[in-house]
Amino acid sequence: MSIVKNKVDAVIVGAGWTGAIMAKELTDAGLSVVILERGPDRDTQPDFAYPRVVDELEGSVHRKYLQSLAKETVTARHSVNDVAVPYRQMGSFKPGTGVGGAGSHWSGAHFRALPEDFTVRSNLEQRYGKKFIPANMTVQDFPVSYDELEPHFEHFEYVCGTSGKAGMLNGQVSEGGNPFEGSRKKEYPLGPNPNYLGAEWFYKAAKEKGYHAFPIPASNASGVYTNPYGCQMGPCNACGFCSDYGCLNYSKASPNICIFPVLKGRKNFEMRTLAQVLKVNLTGDKKKATGVTYLDAQGRETEQPADLVLLCAFSLFNVHMMLVSGIGKPYDPATRTGTVGRNYSYQNLNRVVMFYDQSVHANGFIGIGGGGATFDDLNGNRNDSAKTGYIGGGIIWARQPGAGPVRGIQTEPGVPNWGSAWKKGVKDSFLHSFYYEVQGSCMSYDDAYLDLDPTYKDAFGRPLLRMTFDWHDNEIKASQYLVEKATDMCKVLGPKAMKGDAKKDGSHYNITQYQSTHTCGGAIMGSDPKTSALNRYLQSWDVSNVFAPGANAFPQNNGYNPTGMVGALTYWAATAIRELYLKNPGPLVQA
Amino acid sequence: MSDDTQSRSRRSLIKSMVFIPMGVAGAAGAVRALQPAHAADANAPEGKPNDYIPSFFNANEWKFLGAAVDRLIPHDEHGPGAIESGVLEFLDRHMQTPYAAGDIWYMQGPYLKAAPEFGYQGKLALRDIIRVGIRAFDGYVSSQNPGKVFGDLDKKAQEDLLKAAEKGELKFEDISSKLFFSNLLTEVRNGYFADPKHGGNKNMGAWKMIGYPGMRADYLDWVEVRDKPYPIGPVDLSGRRA
């Protein structure tokens, strides 16, 4: 028999960025809020304290700060006709766990989406005609505009102490920033971080090629900072342990240092860790949620009744929670009907490595997660799809989150994997090589989706989420185009050797190689309840007291990192809950 | 080599910066200064790695590893070999961690054959991949060379066999030779490069070889320096310097 807790106004599943933002906004509004977090409590002290946190074996091999796939994972297959197999070992993407979630082990790259990223379908139709978009490509417009999100982008940047340089300030081009960005009302809260060698050279090469390089907006503080909530950050010391690690230094923005310190004393807020939510409980007609059922730290089945349920887990697990709870209609690729699981997309990442002789001190062990340089000359509307032959866009960047030898040392082409020649290879390259990456958009397709696996179960007896995904010709073409541009640019810098990895024709998605944790879609926002799981306020069309903020809401993925957009969307949804929903609980958009 | 020489001569000139983090509102009491890495003479020997007595591996496995590990990362003019670095001790200790027992891998069946893009789909945890692999490897060697195991062969023959295993050309009964080899190589590299606290990388020899400053984790003063190598030698998690 379940333990039944006292009812609260809102229960939040997950203590990452979206959960923290929702908890802050809703407790501000006077609601009683409980967060249920499957992982442990974590904070800078003692969990991310120097020196133990910088142990590469624990962080990047034992994956101490990431989720255990033994408990929950996904299965994957390339097409609807294949049998999916489990994602048994961490590879292609790295969901987090514990307080802070992926928001504690991210790098810090903090972009806003471009205005045209919100209108992908209508923009393409307007530029090239309705027939231009392939029939199997299911891209949609976001049901919200850049201008509507602008104040929320700004607020999230100020919460995170984002370090950057505006390029378009109140409609005026601002020197040194991105001239192609959407207009912003305020400058970044902090100036850009210093440039490591690869970033400094990036500006040189970009200039020669006519690109407009600018500092990557980084939520790695470039100076002393106090955010609007009174939380303090210190300047990033370039330690080189961002991705995979919690920040030892109060420099990388995270829910742990930027939001939770404010919530901890609040009487109307409670955080329960090691609380594994199993499902959202629904009324018999499946139109209202009554709360959630979870396993508490002792493994006891516990019910938490609530008026509002906020799914704030990692994007994939938000979709999973909706599917196992029976929220909305699962997507069926055969008929292209149903909404939950549709439009799964990813990120199209490729790398070019440059090797130099001993006189070039690239020092890859130095790292500032989101720091570096990039440009938008091949992104958004600058990509003329009629000419390049692919839809979408992407960025080339110099970004160096920090490397240690356990995380892997790139060697020049031809160097073997072991023996004396390998030793010479790693010795030659470790301090004297760096890389640029291509981060491309990923469109959505009728055959790329998420549903429940018929065979495999998680540690709690629930079916695993099944991912059906493969690269399509459009993304392979994009990869080849962008890597070629990156390679051209790198040649300007005269490396003695180079290594590039554009996707080859017909190549398949490889889940064993880390590419990006930017898994998107699956429970997308839209203006039509037939083709989206959430309305423009991230509210379930089917169960109106369930909201699901996260990258799961992206109808397709753009060329940027998603966190800036995820934060802005969450503030947007929280504002709608506070200003619209609480006054009149029910659907905020009529189906 | 030149990096090492440089770093020693400059070491006394530049001290490691210690960054004291800003407090966080509402949690001021939780903040304390980060501990600096304390100096100690790391060139003092830390005991002979070969004295380590394994508690996971048996004598046959130990013999195999003693040979294979030495072929994978030999002692040479570039830097220390895996044996003198304590990689054997690392392997024995690492195989006894929850990680090697499959603690963070999804281990439930069914175990289906799948394209290589989906990764390892077998039922063996890391420690079993290594154990089953060693036994299969030695069994293969004995079938070709009666009375001998891998460790009895000459170095050239051992290298040729490892190369064949790397390509998956050796056909074992219980395990793919390629799978075994790739897991073994990864573990050997982990032991060679991970912090000495895990048993390998004695005296931070592997870090010195490649010029890695180790666990300093504080480089703000060096981000924009272009004209000279990073001047200080490595420090490990326990604060030893080399």
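This is a predicted model, so every value here is computed, not measured.

Participant: Account for the overall build of chain A, naming residues and giving values.
Facilitator: Helices and strands together make up the secondary structure of chain A, namely 14 helices and 22 strands. Summarising its shape, the C-alpha atoms of chain A cover approximately 70 × 55 × 50 Å along the three principal directions. Expressed as a percentage of contacts within chain A between residues at least 6 apart in sequence, the contacts between residues at least 24 apart total 76%. Just so you have it, chain A exposes about 18,700 Å², and 50% of that area is on carbon and sulfur atoms.

Participant: Could you give me a rundown of the overall build of chain B, with the residues and numbers involved?
Facilitator: Per the secondary structure count, chain B includes 7 helices and 0 strands. In sequence order, the secondary structure elements of chain B are arranged as α-α-α-α-α-α-α. Within chain B, buried positions represent 52% of all 242 residues. A separation of at least 24 residues holds for 62% of the contacts in chain B among residues at least 6 apart in sequence. Surface exposure of chain B reaches about 11,300 Å², of which carbon and sulfur atoms provide 52%.

Participant: Account for the sheet that holds strand 8 (residues 214–215) of chain A, naming residues and giving values.
Facilitator: All names here are of chain A. Taken in spatial order, the 6 strands line up as 8-16-17-18-15-21 in an open sheet, and their pairing is antiparallel. Two strands lie at the open edges of the sheet, namely strand 8 and strand 21 (497–500), each paired on one side alone. Here 5 bridges tie strand 17 (residues 394–398) to strand 18 (residues 433–440), and the two strands are oriented antiparallel to one another. By the bridge assignment, Ile 396 is partnered in strand 18 with Val 438.

Participant: Account for the sheet that holds strand 20 (residues 463–468) of chain A, naming residues and giving values.
Facilitator: Residues and elements named next belong to chain A. Spatially, 4 strands are ordered 5-4-20-19 in an open sheet, and the strand pairing comes out mixed. Sheet topology places strand 5 (85–86) and strand 19 (449–457) at the edges, where each strand pairs with a single neighbour. When strand 19 meets strand 20, the two strands line up antiparallel, connected through 5 bridges. What sits directly across from Lys 457, in strand 20, is Pro 463.

Participant: Could you give me a rundown of the nonpolar core, with the residues and numbers involved?
Facilitator: One recurring pattern in soluble globular proteins is that nonpolar side chains are buried together. Residue and element names in this part refer to chain A. By size, the foremost hydrophobic cluster in this structure holds 120 residues, and its most contacted members are Ile 259, Val 280 and Leu 316. Top contributing element to this core by residue count: helix 14 (residues 563–581), with 11 residues. If we skip the residues at most four places from it in the chain, Val 280 touches Ala 289, Gly 291, Val 292, Val 309, Leu 311, Met 321, Ser 325, Ile 327 and Val 546.

Participant: I'd like a rundown of the pattern of salt bridges, residues and numbers included.
Facilitator: Counted by the stated rule, this structure contains 42 salt bridges over all chains. The closest approach of N and O atoms between Lys 156 of chain B and Asp 160 of chain B, which form a salt bridge, is 2.8 Å. One end of the pair is Lys 156 of chain B and the other is Asp 160 of chain B, both in helix 5 (residues 155–166) and 4 residues apart, which spans about a single turn. In this structure, a network of salt bridges that share partners links the residues Arg 112, Glu 150, Glu 157, Glu 181, Arg 184 and Lys 185 of chain A.

Participant: Tell me what's going on with the UniProt feature "domain: Glucose-methanol-choline oxidoreductase N-terminal" (unreviewed entry) in chain A, and back it up with residues and numbers.
Facilitator: When the UniProt feature table is mapped onto this chain numbering, "domain: Glucose-methanol-choline oxidoreductase N-terminal" (unreviewed entry) sits at residues 218–344 of chain A. Secondary structure across residues 218–344 of chain A divides into 15% helix and 26% strand, with the first and last C-alpha atoms of the span separated by 27 Å.

Participant: Break down the UniProt feature "domain: Glucose-methanol-choline oxidoreductase C-terminal" (unreviewed entry) in chain A for me, citing the residues and quoting the values.
Facilitator: Those residues carrying the UniProt feature "domain: Glucose-methanol-choline oxidoreductase C-terminal" (unreviewed entry) are residues 449–569 of chain A in this numbering. Structurally, residues 449–569 of chain A comprises 21% helix and 17% strand, and the distance from its first C-alpha atom to its last is 22 Å.

Participant: Describe in detail the interface of chain A and chain B, supporting the description with residues and values.
Facilitator: Taken together, the contact between chain A and chain B spans 80 residues of the former and 78 residues of the latter. Around 6,900 Å² of area is buried between chain A and chain B when both sides are counted, 62% of it from carbon and sulfur atoms. Where chain A meets chain B, there are 4 salt bridges. Across the pair Lys 197 of chain B and Asp 55 of chain A runs a salt bridge, and its minimum N-O distance is 3.6 Å. Put simply, chain A and chain B have 31 residue pairs in polar contact (both at pLDDT 80 or more) between them. If you list the elements that add at least two residues to the side of chain A that touches chain B, you get helix 3 (56–61), strand 4 (74–77), strand 5, helix 7 (197–208), strand 10 (232–233), helix 12 (420–429) and strand 19 of chain A. No other element matches helix 12 of chain A, which puts 6 residues into the side of chain A that touches chain B. Class assignment for the residues of the side of chain A that touches chain B results in 43 nonpolar, 23 polar and 14 charged.

Participant: Would you mind going over unusual backbone geometry in detail, with residue names and values included?
Facilitator: A cis geometry characterises the amide bond from Tyr 50 of chain A onward to Pro 51 of chain A, with omega recorded as 5°. Among the secondary structure elements, Pro 51 of chain A is positioned in the loop between helix 2 (44–47) and helix 3. Of the consecutive residues Gly 109 of chain B and Pro 110 of chain B, the connecting peptide bond is found in the cis state with omega at 0°. With phi around 90°, Asp 244 of chain A is a residue other than glycine that occupies positive phi space. Structurally, Asp 244 of chain A is set in the loop between strand 10 and helix 8 (255–258). Phi at Asn 201 of chain B takes a positive value of approximately 50°, unusual for a residue other than glycine. A relative accessible area of 0% places Asn 201 of chain B in the buried class.

Participant: Describe helix 10 (residues 315–325) of chain A, and please don't skip the residues or the numbers.
Facilitator: Residue and element names in this part refer to chain A. Most of helix 10 is tucked away, with 10 of its 11 residues classed as buried. Residues Ser 315, Leu 316, Phe 317, Asn 318, Val 319, His 320, Met 321, Met 322, Leu 323 and Ser 325 constitute the buried set of helix 10. Tucked inside the fold, the buried residues of helix 10 contact strand 2 (8–13), strand 4, strand 12 (276–282), strand 14 (301–311), strand 19 and strand 20. Positive phi appears at Gly 326, one or two residues downstream of helix 10, with a value of about 80°.

Participant: For the pairing of strand 14 of chain A, give the residues involved together with the corresponding values.
Facilitator: All names here are of chain A. Most of strand 14 is tucked away, with 8 of its 11 residues classed as buried. Here strand 1 (residues 3–4) pairs with strand 14 via 2 bridges, running parallel. From the neighbouring strand, Ile 3 faces strand 14, where its bridge partner is Thr 302. The pairing of strand 2 with strand 14 spans 5 bridges and is classified as parallel. Within strand 14, the residue paired with Val 11 across the bridge is Val 309. Sheet analysis places strand 13 (residues 289–295) next to strand 14, joined by 5 bridges and oriented antiparallel.

Participant: Report on the environment of Ala 591 of chain A, specifying residues and quantitative values.
Facilitator: Residue and element names in this part refer to chain A. Tracing the backbone through its elements, the reader meets Ala 591 in the segment after helix 14. Ala 591 gets classed as exposed once you look at its relative accessible area, which sits at 77%. Sequence separation between Ala 591 and Pro 529 is 62 residues, and the spatial gap between their C-alpha atoms is 6.2 Å. Apart from residues lying up to four places away in sequence, Ala 591 is in contact with Pro 529 and Trp 541.

Participant: Give a description of the pairing of strand 12 of chain A that names residues and reports values.
Facilitator: All names here are of chain A. For strand 12, the buried fraction is high: 6 of the 7 residues fall into the buried class. As judged from the 6 bridges shared by strand 12 and strand 13, these two strands associate in the antiparallel manner. Paired with Val 277 across the two strands is Tyr 294, which belongs to strand 13. Between strand 12 and strand 13, which pair antiparallel in sequence order, lie 6 residues; one of them, Lys 286, sits at a positive phi of approximately 60°.

Participant: Before we move on, can you summarise the packing of helix 2 (residues 59–72) of chain B against helix 5 of chain B with the specific residues and values?
Facilitator: Helix-helix packing is described using two parameters, namely the angle between the two axes and the distance between the axes. Residue and element names in this part refer to chain B. Contact pair helix 2 / helix 5: the axes reach a minimum separation of 10 Å and the direction vectors enclose 80°. By the criterion of interaxial angle, the relationship of helix 2 to helix 5 is roughly perpendicular. On the side of helix 2, the interface is formed by Ala 67, Ala 68, Arg 71 and Leu 72, while helix 5 contributes Lys 155, Gln 158, Glu 159 and Leu 162.

Cut-offs used in this document
Residues numbered from 1 in each chain as written. Chains lettered and ligands numbered in written order. Predicted model: local features only at pLDDT ≥ 70, side-chain atom pairs only at ≥ 80, totals over all residues. Heavy atoms only, no water. Helix = DSSP H or I, 4+ residues; strand = E, 2+ residues; numbered from the N terminus. Contact = heavy atoms within 4.5 Å. Areas by Shrake-Rupley, 256 points an atom, 1.4 Å probe, with all protein chains shown as cover. Buried < 20%, exposed > 50% of the residue type's maximum accessible area, 1.4 Å probe, protein only. Pairing = 2+ DSSP bridges. Core = buried A, V, L, I, M, F, W, Y, C linked by side-chain atoms within 4.5 Å. Salt bridge = Lys/Arg side-chain N within 4 Å of Asp/Glu carboxyl O. UniProt positions renumbered as here; feature names shortened; annotations may be inferred. Buried area = accessible area lost by both parts, 1.4 Å probe. Polar contact = N/O pair within 3.5 Å; in protein donor to acceptor, adjacent residues only side chain to side chain. Nonpolar A, V, L, I, M, F, W, Y, C, P; charged D, E, K, R; others polar. Axes fitted to C-alpha atoms, helices over the stretch in contact; angles between N-to-C directions. Parallel < 35°, antiparallel > 145°, perpendicular 65-115°, else oblique.

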